[in-house]
Amino acid sequence: MWNYWDAMRCPALVLRGEASDLLLARTATEMVQRRPGTELVEIPSCGYAPALLDPDQIRLVEWLTR
């Protein structure tokens, strides 16, 4: 799927659960390296995709509602 990732031209926020075996740390790091404007945030003690139910996690994406 790198072709799709590389084709994107907008800034991106990658949210990764620290314990995720779905999105590996090395893959997330490569995503940041391949695309300028990409920010990586790892959610501690979280597996898979963060559910964004915790107030600290919600704050990461609150800007989407403005």
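Residues numbered from 1 in each chain as written. Predicted model: local features only at pLDDT ≥ 70, side-chain atom pairs only at ≥ 80, totals over all residues. Heavy atoms only, no water.

1. A closer look at the overall build of the protein chain
Across its full length, the protein chain holds three helices and two strands. For the protein chain, the N- to C-terminal ordering of α and β elements is α-β-α-β-α. When the backbone C-alpha atoms are referred to their principal axes, the protein chain occupies close to 35 × 30 × 15 Å. Residue burial in the protein chain is summarised as follows: out of 66 residues, 24% are buried. Long-range contacts, defined here as pairs at least 24 residues apart, represent 67% of the contacts in the protein chain between residues at least 6 apart. When the accessible surface of the protein chain is totalled, it reaches about 5,000 Å², and 58% of it is carbon and sulfur. If the 7 positive side-chain charges of the protein chain are averaged to one point and the 9 negative ones to another, these points end up 7 Å apart. (Helix = DSSP H or I, 4+ residues; strand = E, 2+ residues; numbered from the N terminus. Buried < 20%, exposed > 50% of the residue type's maximum accessible area, 1.4 Å probe, protein only. Contact = heavy atoms within 4.5 Å. Areas by Shrake-Rupley, 256 points an atom, 1.4 Å probe, with all protein chains shown as cover. Lys, Arg positive; Asp, Glu negative; His and termini not counted. Charge placed at Lys NZ, Arg CZ, Asp CG, Glu CD.)

2. Re the confidence of the model for the protein chain
In the predicted model, the protein chain carries a mean pLDDT of 93, and the fraction of residues at 70 or more is 100%. Within the protein chain, the element-level pLDDT minimum falls on helix 3 (residues 55–61), averaging 93, and the maximum on helix 2 (residues 25–34), averaging 97. (pLDDT = per-residue confidence, 0-100.)

3. A closer look at the side chain of Q57
Within the secondary structure layout, Q57 lies in helix 3. At a separation of 3.0 Å, a polar atom in the side chain of Q57 contacts the main-chain amide nitrogen of L52. Discounting chain neighbours no more than four positions away, the residues touching Q57 are I43, P50, A51 and L52. (Polar contact = N/O pair within 3.5 Å; in protein donor to acceptor, adjacent residues only side chain to side chain.)

4. Some points on the environment of Y48
As for its placement among the helices and strands, Y48 is situated in the loop between strand 2 (38–43) and helix 3. With relative accessibility at 51%, the residue Y48 sits in the exposed group. Between the alpha carbons of Y48 and S20 there is a distance of 4.4 Å; along the sequence they are 28 residues apart. Sequence-distant contacts of Y48, defined by excluding residues within four places in its chain, comprise G17, S20, D21 and L22.

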